[in-house]
Amino acid sequence: MTRYASVYPLVTARALAREFTYEVPDDVQPGAVVEVRFGNAKRRGVVTQVDVAPPKGIDTSQIERVVEELPKPLVELALWIAEYYGSTPGRALALIAPVQRKARGERAQPAERDSLPGEAEPAELSASQQAALDRIVGAFDTGESANFLLYGATGSGKTEVYLQACAVALERGRGAIVLVPEIALTPQTVGRFRARFGERIAVLHSSLTEAERRDERARIASGDAPIVVGARSAVFAPVPQLGVICVDEEHDASYKQESDPRYDARTVAAKRAALENAVAVFGSATPRPESWGKLERLDLGGRLSGPLPPVLVVDLRREAGYPLSAPLLAALGAIEEHGGKAILLLNRRGVAPALHCRACGLTLRCVNCDVALVLHGDGLLRCHHCGHTEPKPETCPACHSTELARLGAGTQKLERELEAKLPELERIRLDADAVEKPGALAAALKRFAAADRVVLVGTQMVAKGHHFSGVALAAVVDADTGLGMPDFRAEERTFQLLTQLAGRSGRDAPGRVLVQTFQPDSRAIELAARHDVSRFLDSELERRRGLGYPPFTHLVRIVVAGPEPDAPLQALLELKEGLTGNLLGPAPLLRLRGRYRAQLVAKTDQPRRLAAQAGRLLSAGAPAMRRAGLTAVVDVDPQSL
């Protein structure tokens, strides 16, 4: 008797966002990744149902072959993502079934190459660590799918709780996933887990080659590597019998995917834990208001090694020097003279964020995007959105004046200033430009760990989770870069960044923190200087309650882009007629990569329903939108507006 199955082809087109029926052998089950004949080409697809009735009047074809088998909960998770985030099943299923490359020769595992030295297991846990672990293990042993917020100051021992929870999962014959927000954190985290669990660790992040990623997935699926450490996409690792998911630095916006489907790895982690009766632990010294207000809190308290360092706020309105004020120069001079390490945060790359003509007022902008070009040290102007580059002009393109001024400062300019004024200090830069090559990140961090009289200069990468001995000074060169953003999360992000950077200093010796700002009276800066996390979050929740922002409602953002200025707005006006709820807009956005954009924002208590509704409308209109050159993205719980 012929057996039929429903298969979702892994294609991106919204017009094809449906199941197709194929003949399958008797041993094929839901979760099988198969190769099928689709149109005039061979495509991969995922079997979602078996023993279905074939459509009448249609000649079905057989699958070509079975490529691999996926755990059933992962398939359920992908289909949920497609609906919750208003995407298509094909795009969501591709997250859990990446293309498999051929096996490579024997080489060192990525965990061996990318890890920094780990730390020894402590003789005993603190009382608060033990209480948190007991609550996690209690939920684990009762089969309770639970979500916990592991809250504690930087240095309070959150990583040790993750390690112990993973050890318990292994003892129970189950696996674990540990998520970090950025690749910058991976070497140190991998080192700690590798020191404890050896070769049972697998690593997944975007810097791996395709062959390395294939090998790591094979080790995970076979059970050889039951603990996975990685960035956002590691939440989809094919871990058999998943027991615990740890989400470190859960406040970090990097957990949000910025391409379709625009999933949030934190939300996906909670859903996957629910599907697999696992426990999800979300850890941070500066939690999101959403987590602070909703999750059961496991409080670790203060830093294990002593009090947090004092914070000096430098009012740049009263200082002549920028980017290096007199107090910052004095603090760095002490390190140059007496030894130690410093970390300087400036959340902008390049030499200057903009080039401005003093004569006519022109700011040089990207030809493809409505954003200023950034001057880099090689004399090129670069767009950080589309990658466009052009040489720095000698005169203004509009009025031909030679009075071209550099506005602000970036990490490359800061590096040059340090070289000129403090030549005895070794300088290490950590930003996206400096760590493009494989292995460059781990090499930079190893250099910083081993050196003395050294300054680590970088963007937000330097503020996240690093633990280095001997850091006597952590400084924010310009705390105002994020405060002026037109986003309801601007103060939250500034507070988190300042507090996180402060936690890098004085972990094992006296340290200090210095914050340069033109807005010393800002709520975010004032409370960060006092390390007052609970007061900031409580006041932020009250502010959002009054404005109807998350966590009190969900936001759903629909963005349409096209080659003509008016078409995206018109498409959104038509889409708006088919949607229900509190709808804001549509409104135009900045042009990016040569395409005009507009957005429609909804405040809703039912994001899944509204996103699914928008997805269906966009699928129905897909042929007409394609003819007009329009693309659309549904973004549930966006991290920026």
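Here we summarise the structure given alongside this text. If you're wondering where the values come from, they're calculated on a predicted model, not measured in any experiment.

Each value, and the rule that gives it
Residues numbered from 1 in each chain as written. Predicted model: local features only at pLDDT ≥ 70, side-chain atom pairs only at ≥ 80, totals over all residues. Heavy atoms only, no water. Helix = DSSP H or I, 4+ residues; strand = E, 2+ residues; numbered from the N terminus. Rg over C-alpha atoms; globule rule 2.2 N^0.38 Å. Buried < 20%, exposed > 50% of the residue type's maximum accessible area, 1.4 Å probe, protein only. Areas by Shrake-Rupley, 256 points an atom, 1.4 Å probe, with all protein chains shown as cover. Phe/Tyr/Trp six-rings, centres within 6.5 Å; stacked < 30°, edge-to-face > 60°. Lys NZ or Arg CZ within 6 Å of the ring centre and 35° of its normal. Pairing = 2+ DSSP bridges. Contact = heavy atoms within 4.5 Å. Axes fitted to C-alpha atoms, helices over the stretch in contact; angles between N-to-C directions. Polar contact = N/O pair within 3.5 Å; in protein donor to acceptor, adjacent residues only side chain to side chain.

This part is about the overall build of the protein. Broken down by element type, the protein carries 18 helices and 27 strands. What you see for the protein is a C-alpha radius of gyration of 26 Å, in line with the 26 Å of a compact globule of 641 residues. Dimensions of the protein, computed from the C-alpha atoms along their principal axes, are close to 85 × 70 × 55 Å. Out of the 641 residues in the protein, the part that is buried amounts to 54%. When the accessible surface of the protein is split by element, carbon and sulfur atoms take 49% of a total near 26700 Å².

Now for the packing of aromatic side chains. Going through the model one piece at a time under the given rule, you end up with 9 aromatic pairs. For the pair phenylalanine 488 and tyrosine 549, a centre-to-centre distance of 4.3 Å together with 5 degrees between the ring planes defines the contact as stacked. Of this pair, phenylalanine 488 sits in the loop between strand 22 (471-476) and helix 13 (490-502) while tyrosine 549 sits in the loop between helix 15 (533-547) and strand 24 (554-562), and the two are 61 residues apart along the sequence. Grouping aromatic residues by their ring pairs yields a cluster made of Trp80, Tyr84 and Tyr85. Over the aromatic face of tyrosine 596 sits the side chain of arginine 591, whose NZ or CZ is 5.8 Å from the ring centroid.

Before going further, it helps to examine the sheet that holds strand 18 (residues 389-391). Ordered by their spatial adjacency, 3 strands build an open sheet running 16-17-18, and the pairing between neighbours is antiparallel. The outermost strands of the open sheet, each flanked by one partner alone, are strand 16 (374-375) and strand 18. Both strand 17 (residues 380-382) and strand 18 contribute to a ladder of 3 bridges, which runs antiparallel. Of the residues in strand 18, the one forming a bridge with leucine 380 is proline 391.

Our focus in this paragraph is the side chain of serine 291. Checked against the element boundaries, serine 291 lands in helix 9 (residues 289-294). For serine 291, a relative accessible area of 3% puts it in the buried group. In this structure, serine 291 is in contact with Leu149 and Glu250, ignoring residues within four places of it in sequence.

Consider a sheet: its strands pair through backbone hydrogen bonds, and that pairing is either parallel or antiparallel. Strand order in the open sheet formed by 6 strands is 13-23-22-14-21-20, with parallel pairing between adjacent strands. Two strands bound the open sheet, and with one partner strand each, they are strand 13 (311-315) and strand 20 (426-430). Within this sheet the neighbouring strands show an average axis-to-axis angle of 20 degrees, counted without direction. Inspection of the sheet shows strand 22 paired to strand 23 (residues 512-517) by 4 bridges, in the parallel sense.

What follows covers the environment of arginine 232. If you trace the backbone, arginine 232 turns up in the loop between strand 9 (227-230) and strand 10 (242-247). Sequence separation between arginine 232 and alanine 529 is 297 residues, and the spatial gap between their C-alpha atoms is 30 Å. Not counting chain neighbours up to four residues away, the residues in contact with arginine 232 comprise Leu179, Val180, Ser254, Tyr255, Lys256, Gln257, Tyr263 and Ala265. Of the polar contacts made by the side chain of arginine 232, one reaches the backbone oxygen of serine 254; its length is 2.7 Å.

The values are spatial; any link to function lies outside them.
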